[in-house]
Amino acid sequence: MIGKIFHSIANRTAALSMKLLFGYSSRIYVVDCEHINRTGGFLLASNHISHFDPPIISSVARRKIDWMAMAEFFPIPGLGHFLRAVDAFPAARDRADRKTIRSAIERLKDGRIVGVFPEGGIRDGARSLLGGAPLRPGASTLAHMAGVPIVPCVILGSDRLYAKRNWLTLRRTPVWIAFGQAISHFPELEKSVARARIEQELADGFQRLYAELRRKFQLTRDDLPHPPRERMRSQPKNPRRRLHRAAANAVDFAMCVSMNLVQSRHRLNGRSAEEMDRYVVECEKLTPHEYYAAPKDVGLIAAIQNGNGFLLTWRSPIETEFPRNNVARADFFPCGRGKAAPTVFMLHALMSATHIGYRRWAARFNELGWNACFVHLPYHYSRVPPGHWNGELAITADLIRNAEGLRQGVIEVRQLIGALRDHGYSEFGILGTSYGGWIGALLAMVERDLRFVALMCPIVNVEHAIWQNPGTAFMRRELRRAKIAPELVARHFHLSSPLHNEPACDPARVLFVSGDFDLIARPADIDAIQQKWRGSELLRVPQGHFGYRVMRETVTRLKERGF
């Protein structure tokens, strides 16, 4: 009786102490807390980035969690007694311990929560399950043996508590926690199949929660897990970086203001919601491969066959109300090797001021032994309708025109690739910036045979681009006035949002490049798609959305990788 009373007091004291301690030191943001407060026994599986993870996670749960802790902690005087008092139990990291497994199963069958870290220790980067490292099989085995579900959990930010300065008064380090839906132990499946299914579902759950936290809270690179020793080192202040950030933010903000001014010239009609609904209904029937299917163009094939020099023009397969936009155009810059050389397609940014810089880069690619092709994207350069500015009509509150413009760009590049391939050109690369990067990402969703896809500050999260981006404030006002809801727009994401899709080409050939200070194509969104497109590479550049450094570093990286 006395033992039970002591046990209860110890647990209540520990819980209250943790709430007070981390309430003082941290601001804890929790997503989907209802999953951790479900009834019955279940296994809680979390990533592990610091020694603070168990008490922080316990502090946000209404139910008590019995943590499986490293056996090395229990012989330590004081610490071992505390761990036992709060119902933690030892687990060996290098072997399966029958006593540990038996204890865990008994607790789970008794309707309790058992917390585990499937990584087997503190991990970050490529060694972490968030970075794509494989899960240890222990969690799936335990869940299947006990006949209980697994609730995945992702915690970020707790590793910053290793730095002493983050414990200063009123510092309150942010910590983010997300809980996922319970994963079944699949009792209807054969044992080996069930365990493999649990592991796959758990790995996917971790990645979804990781992406959700980064997207929801717009997390930066510093918010993501770092090695404890790196966090412990004092970070010297970098005035130059702060200056770069301020300058980049000022330029991005000014460009966002100009984008809103341009959009203010375009208002929606009273039938826009009905038209959008009809368009989405038709699009929901299509796959990306059907939506972006590229018919062969006889005029384009003839132009390439006749060797019409630097200029290729053909009739766009998508008819719009603007005749000038219905003529597709690409400037082709062949190198000395001709058909034996690979070809890079340069896809420019929205409202790109001039093509002079791209011509210079075309010459640079020619020197590197590549053919270069500068594509005039819809509503840009030679395709600007009279009375409008360069790129003005590509992105406005008219979401149907926006989607059809993207579709037009993707199909026309696919026509180019097909026509060149028919005439002996065999390898192709994509180099896209911002709006062009968006089209490049959509191309990666439908083109399997690409030597590389380099996407610089691409628009990959359409949900953010429409409903949160500072450059689309007027667009949002028009959409709300026309009663076009986010839920309606989201029904088109399977065709238009790269973040909501997977690549058809080899992800290892995809290079994402993000600006550290980008306000438009947020680093968190680029991080999220890079994690989702497993095997792709991420390059970070200290600039905003608008700048020239990103192109130089991208080409340098492509050369280093031998593309």
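The preceding data block contains the structure.
S.K.: Describe unusual backbone geometry, and please don't skip the residues or the numbers.
M.R.: In this structure, Tyr381 takes a positive phi of about 55° despite not being glycine. When you line up the elements, Tyr381 lands in the loop between strand E11 (371-376) and helix H13 (399-422). Located in the positive-phi region is Ser434, a residue other than glycine, with phi close to 55°. Note that Ser434 resides in the loop between strand E12 (428-433) and helix H14 (435-446).

S.K.: Pulling in residues and values, what's your account of helix H6 (residues 191-217)?
M.R.: With 27 residues, H6 ought to run about 39 Å at 1.5 Å a step, and its terminal C-alpha atoms sit 39 Å apart, in line with that. Within the span of H6, buried status applies to Ala194, Ile198, Leu202, Ala203, Gly205, Phe206, Gln207, Leu209, Tyr210, Ala211, Leu213 and Arg214. In this structure, the buried side of H6 is in contact with strand E1 (26-31), strand E2 (42-46), helix H5 (138-146), strand E6 (150-156), strand E7 (173-179) and helix H19 (523-532). Remark: Gln218 follows H6 within two positions and exhibits a positive phi of approximately 50°.

S.K.: Break down the nonpolar core for me, citing the residues and quoting the values.
M.R.: Across soluble globular proteins, nonpolar side chains have a tendency to be buried as a group. Judged by nonpolar contacts, the single largest core of 105 residues is most densely connected at Phe345, Met346, Leu347, Leu416, Leu431, Tyr435 and Ile484. Every residue in contact with Phe345, bar those within four places of it in the chain, is listed here: Cys373, Val375, Val413, Leu416, Ile417, Leu420, Phe428, Gly429, Ile430 and Leu431. Counting residues in hydrophobic clusters, the runner-up holds 34 residues, among them Leu43, Ala178, Ile183 and Leu224.

S.K.: Just give me the short version of the pattern of salt bridges, but keep the residues and values in it.
M.R.: All chains considered together, the criterion is met by 31 salt bridges. Of the charged contacts in the structure, one is a salt bridge between Asp87 and Lys64, with a shortest N-O distance of 2.7 Å. Pair noted here: Asp87 is in the loop between helix H3 (79-85) and strand E4 (89-91) and Lys64 is in the loop between helix H2 (53-60) and strand E3 (65-70), with a separation of 23 residues, a long-range link. With a relative accessible area of 9%, Asp87 lands in the buried category. Using a relative accessible area of 36% as the deciding quantity, one classes Lys64 as partly exposed. Here Arg271 ties to Glu275 by a salt bridge, and the two come within 3.4 Å at their closest N and O atoms. Residue Arg271 is classed as exposed on the basis of its relative accessible area of 52%. What you see here is one network of salt bridges that share partners, running through Lys64, Asp66, Asp87, Arg107 and Arg112.

S.K.: Lay out the sheet that holds E2 with the relevant residues and their values.
M.R.: Overall, mixed pairing links the 7 strands, which are arranged E1-E7-E6-E2-E5-E3-E4 in an open sheet. Of all the strands in the sheet, the pair left with one neighbour each is E1 and E4. Between one strand axis and the next, the sheet turns through 25° on average, direction left out of account. Judged from the 4 bridges that link them, E2 and strand E5 (residues 113-116) form a sheet pairing that is parallel.

S.K.: Talk me through the pairing of E3; I want residue IDs and the actual numbers.
M.R.: Sheet topology note: the E3/E5 ladder contains 3 bridges and is parallel. Bridge pairing in E5 places Ile65 opposite Ile113. The pairing of E3 with E4 spans 3 bridges and is classified as parallel. Across the sheet, Ala69 pairs through a bridge with Pro90, a residue of E4. Taking the sense of rotation as the criterion, the β-α-β connection linking E3, H3 and E4 turns out right-handed.

S.K.: Can you lay out the environment of Asp331 for me, pointing to particular residues and giving the numbers?
M.R.: Following the sequence through the fold, Asp331 ends up in strand E9 (residues 327-333). For Asp331, a relative accessible area of 4% puts it in the buried group. C-alpha of Asp331 to C-alpha of Arg221: the two residues are 110 residues apart in sequence and 38 Å apart in space. In this view, Asp331 contacts Phe310, Leu311, Arg359, Ala372, Cys373, Phe374 and His376; residues no more than four positions away in its chain are not counted. Within the structure, Asp331 has its side chain in polar contact with the side chain of His376 (distance 2.9 Å).

Calculation rules
- Residues numbered from 1 in each chain as written.
- Predicted model: local features only at pLDDT ≥ 70, side-chain atom pairs only at ≥ 80, totals over all residues.
- Heavy atoms only, no water.
- Helix = DSSP H or I, 4+ residues; strand = E, 2+ residues; numbered from the N terminus.
- Expected span 1.5 Å × (residues − 1).
- Buried < 20%, exposed > 50% of the residue type's maximum accessible area, 1.4 Å probe, protein only.
- Contact = heavy atoms within 4.5 Å.
- Core = buried A, V, L, I, M, F, W, Y, C linked by side-chain atoms within 4.5 Å.
- Salt bridge = Lys/Arg side-chain N within 4 Å of Asp/Glu carboxyl O.
- Pairing = 2+ DSSP bridges.
- Axes fitted to C-alpha atoms, helices over the stretch in contact; angles between N-to-C directions.
- Right-handed = clockwise from strand over helix to strand, strands pointing away.
- Polar contact = N/O pair within 3.5 Å; in protein donor to acceptor, adjacent residues only side chain to side chain.

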